[in-house]
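Topology and contacts: notes
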Amino acid sequence: MSTRTPLMAGNWKMNLDHQQAIQTLQKLAWTLKDAKHDFSAVEVAVLPPFTDLRSVQTLVDADKLEIVYGAQDVSAFTSGAYTGEISPVFLAKLGVTYVAIGHSERREHHNESDRLVNAKIKSALGAGVIPILCVGEDIDTRRAAAHVQHTLLQLEGALEDISAEQAKTIVVAYEPVWAIGTGETATPEDAQEMAEAIRGRLAELYDRDTADAVRVLYGGSVKSSNVASIMAKPDVDGALVGGASLDPEEFAKIARYQSHAVGL
Ligand SMILES: O=C[C@H](O)COP(=O)(O)O
């Protein structure tokens, strides 16, 4: 039985301005409160655009919300002549808990290398912000051995020079590119196979204790209709949800997958 706390993280991508963010977060909070959601049982996070973070922080602090929040990227540097980049130290001052790093959309559109992803992870950890390391970028090799190896090489490159103690805090999100935004979801078996492979490689890189501590999420067209079957797998600890997280009621259902799974 896993002792890892499940995490449902909604990656809003480039959607919802700061006013829409407040409305969406407020609705999510009310929906979860009405359902008496136990945040110690399933952690809920939203990753809004940078422009929304201060507004989100103000609402979370004012209403003492248990929803946590994060950013969608971070600079490899803490300050200086890096026009347009976002410092992890500034994110920490905005109360950010998590930061997605190495998302396939950034690897694709910004040519982010494993080396840069590794630098960003070190930068986030240095500021006390928890990385959500995204791996699994690939074109169309589904469950092929090459896809597994490609994903594990991304994992290794991202974790270079990261200690076991640091690695234990990191969240890994497996996102097959062919499932992102397509409505095609990996099967629970696909998700389990990769999560197990990721955990196995972590045990080789570090030790079993570290591998068992790391939360592994699945991302790629997660919906309230498919999340429970994915979460039933032993090595899957949550989801990184894109489109479905923009609808607060749908995302609340995803966060409350256990009640839907047992039909409560
Ligand atoms: O970060 C989220 C993933 O890219 C999945 O996005 P999606 O749920 O819209 O497929």
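Keep in mind it's a predicted model, so treat the numbers as computed, not measured.

The rules behind the values
- Residues numbered from 1 in each chain as written.
- Predicted model: local features only at pLDDT ≥ 70, side-chain atom pairs only at ≥ 80, totals over all residues.
- Heavy atoms only, no water.
- Helix = DSSP H or I, 4+ residues; strand = E, 2+ residues; numbered from the N terminus.
- Rg over C-alpha atoms; globule rule 2.2 N^0.38 Å.
- Buried < 20%, exposed > 50% of the residue type's maximum accessible area, 1.4 Å probe, protein only.
- Contact = heavy atoms within 4.5 Å.
- Lys, Arg positive; Asp, Glu negative; His and termini not counted.
- Charge placed at Lys NZ, Arg CZ, Asp CG, Glu CD.
- Near = heavy atom within 4 Å.
- Polar contact = N/O pair within 3.5 Å; in protein donor to acceptor, adjacent residues only side chain to side chain.
- UniProt positions renumbered as here; feature names shortened; annotations may be inferred.
- Core = buried A, V, L, I, M, F, W, Y, C linked by side-chain atoms within 4.5 Å.
- Pairing = 2+ DSSP bridges.
- Right-handed = clockwise from strand over helix to strand, strands pointing away.

Our focus in this paragraph is the overall build of the chain. From N to C terminus, the chain includes 12 helices and eight strands. The C-alpha radius of gyration of the chain comes to 17 Å, within 12% of the 18 Å expected for a compact globule of 264 residues. Here the chain holds 264 residues, and the buried ones make up 52% of them. Taking contacts inside the chain between residues at least 6 apart in sequence as the whole, the part at least 24 apart equals 74%. Taking the 24 positively charged and 36 negatively charged side chains of the chain as two groups, their mean positions are separated by 4 Å.

The immediate surroundings of the ligand are formed by 13 residues, with Lys13, Glu175, Gly181, Ser221 and Gly242 found nearest. A distance of 2.9 Å separates an oxygen atom of the ligand from a polar atom in the side chain of Asn11. Within the backbone of Gly181, one N or O atom sits 2.7 Å away from an oxygen atom of the ligand.

Tracing the sequence through the fold places Ser245 in the loop between β8 (238-241) and α11 (248-255). Not counting residues within four places of it along the chain, the set of residues in contact with Ser245 comprises Gly10, Asn11, Trp12 and Phe251.

A separate point is the UniProt feature "active site" (unreviewed entry) in the chain. The positions UniProt marks with the feature "active site" (unreviewed entry) are His103 and Glu175. What stands out for the annotated residues spanning 73 residues is how close their C-alpha atoms remain, the widest pair being 8.4 Å apart. Look at His103 and you get buried, because its relative accessible area is 4%. Setting aside its immediate chain neighbours within four residues, His103 contacts Asn11, Lys13, Cys134, Glu175 and Ile180.

As annotated in UniProt, the feature "binding site: substrate" (unreviewed entry) corresponds to Asn11, Trp12, Lys13, Gly181, Ser221, Gly242 and Gly243 in the numbering used here. Of the residues just listed, which span 233 residues, no C-alpha pair is farther apart than 13.8 Å, and they cluster in one region. Position of Gly242 among the secondary structure elements: in the loop between β8 and α11. If we ignore the near neighbours within four places in the chain, the residues touching Gly242 are Asn11 and Lys13. Within the secondary structure, Gly243 is located in the loop between β8 and α11.

It is worth spelling out the nonpolar core at this point. Among the nonpolar cores identified, the biggest contains 69 residues, and Met8 and Ile198 are the most heavily contacted of them. Setting aside residues no more than four positions away along its own chain, Met8 makes contact with Val42, Glu43, Val44, Ala45, Val227, Met231, Gly238, Ala239, Phe251, Ile254, Ala255 and Tyr257. Among the nonpolar cores identified, the runner-up in size contains 13 residues, and Leu7, Ala9, Tyr98 and Ala100 belong to it.

Let us now look at the environment of Ala167. With respect to the element layout, Ala167 can be found in helix α7 (residues 164-169). By relative accessible area, Ala167 is classed as buried at 2%. Spatially, the C-alpha atoms of Ala167 and Ile121 are 10.0 Å apart, while their sequence positions differ by 46 residues. Here Ala167 is in contact with Ile162, Tyr206, Thr210 and Val214, once residues within four sequence places are set aside.

Bringing the pairing of strand β3 (residues 68-71) into the picture now. Taken residue by residue, a regular strand's side chains alternate between the two faces of the sheet. Neither face of β3 is exposed, since Val68 and Gly70 on one face and Tyr69 and Ala71 on the opposite face are all buried. As paired strands, strand β2 (residues 43-47) and β3 are joined by two bridges and run parallel to one another. Bridging across to β3, Val46 finds its partner in Tyr69. The β-α-β motif built from β2, the intervening helix α2 (residues 53-62) and the parallel element β3 has right-handed crossover chirality. Note that the unit made of β3, helix α3 (residues 88-93) and strand β4 (residues 98-101) has a crossover that is right-handed.

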